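Per-entry structural report
Residues per chain, in single letters:
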Amino acid sequence: MNNGYLIVPGANHPINIEHTSQPVAIPAGTTNIRFTLVSYQPTRDRPQFGCRMFAFWTDESGKGPARAGIFQSFPREEWQPIEIEEGLPLSGHAVGEVTGIVPHDVGPFPFVCEQSPAVDGNNRPEWATHAFVRYTLLGGNNGGPVYVSVVAEAFAHNMGTGDTTPLEFM
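Calculation rules
Once a new chain begins, its residue numbering starts again from 1 and follows that chain's sequence as written. Given that the model is predicted, a residue must reach a pLDDT of at least 70 before its local features are reported, and side-chain atom pairs must reach 80 or more before they are shown or counted; all residues, however, enter totals for whole chains, interfaces and linings. Each side-chain value is derived from all of the structure's non-hydrogen atoms; neither hydrogens nor water enter the calculation. Working definition: helices are DSSP H or I runs of at least four residues, strands are E runs of at least two. Numbering for both runs from the N terminus. For every residue, the accessible area (1.4 Å probe, protein chains only) is compared with the maximum for its type, and the residue is labelled buried under 20%, exposed over 50%, or partly exposed between those bounds. Nitrogen and oxygen atoms within 3.5 Å of one another constitute a polar contact, given that in protein one can donate a hydrogen and the other can accept it, and given that sequence-neighbouring residues count only through two side-chain atoms. Any carboxyl oxygen of Asp or Glu within 4 Å of a side-chain nitrogen of Lys or Arg constitutes a salt bridge here. Remark: nonpolar core denotes a set of buried residues (Ala, Val, Leu, Ile, Met, Phe, Trp, Tyr, Cys) joined through side-chain atoms within 4.5 Å. Only heavy atoms matter for contacts: two residues are in contact if any of them lie within 4.5 Å across the pair.

Our next topic: the side chain of Q41. Within the secondary structure, Q41 is located in helix α1 (residues 41-44). Looking at Q41, the relative accessible area reads 13%, which means it is buried. One polar contact links Q41 to D45, side chain to side chain, over a distance of 2.8 Å.

This part is about the pattern of salt bridges. Throughout the structure, instances matching the rule amount to three salt bridges. A salt bridge links R34 to D120; the nearest nitrogen and oxygen atoms lie 3.1 Å apart. Placement of R34 in strand β4 (residues 32-39) and of D120 in strand β10 (residues 118-121) is noted, with a sequence separation of 86 residues between them. Here R34 falls in the partly exposed class, since its relative accessible area comes to 21%.

On to the nonpolar core, then. Within the largest apolar cluster, 27 residues are counted, with the highest numbers of intra-cluster contacts made by I7, F35, L37, M53 and V133. The set of elements that each furnish at least two residues to this core consists of β1 (4-13), β4, β5 (50-58), β11 (130-139) and β12 (146-157). Looking at this core element by element, the count peaks at five residues for β12. Setting aside residues up to four positions removed in sequence, I7 forms contacts with S21, V24, F35, V106, V133, V150 and A152. Of all hydrophobic cores here, the second largest spans eight residues; its members include L6, A94, F111 and V151.

Printed below as a string of structure tokens:
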């Protein structure tokens, strides 16, 4: 199932500069959206890898936008002992690939999120047919640019049962 949609192909992103993705059309029935920063595993292993992300709802004409969610993780000098003991975080990837590897071309593909930095958005307005993300890398490559991709996922959440189902991008 193509549960992921590559919206920003892998590229070096300077730190401390806000980047904005193009809006992606969301599948019918979407209630929640997730945007994930995918970096190569050596970068993901560094405690200095930090980011700030904002998810937004919009439509094809750019209406709104309505903020859907926020995520932030600060760069650190070192991992806490419990983080090392439990295992360092893994980067997201395409199904069947090693961590940190996603396609090069914008579009749908089967995706595994793992422990990549991600922002979840919910409360989709009825008029929203698209979503996008603004993100700022706060560190991760000794002050240099960080190579990341951005992947979107969409979900349908049933308030009655509490079940959340991934949706497929076409």
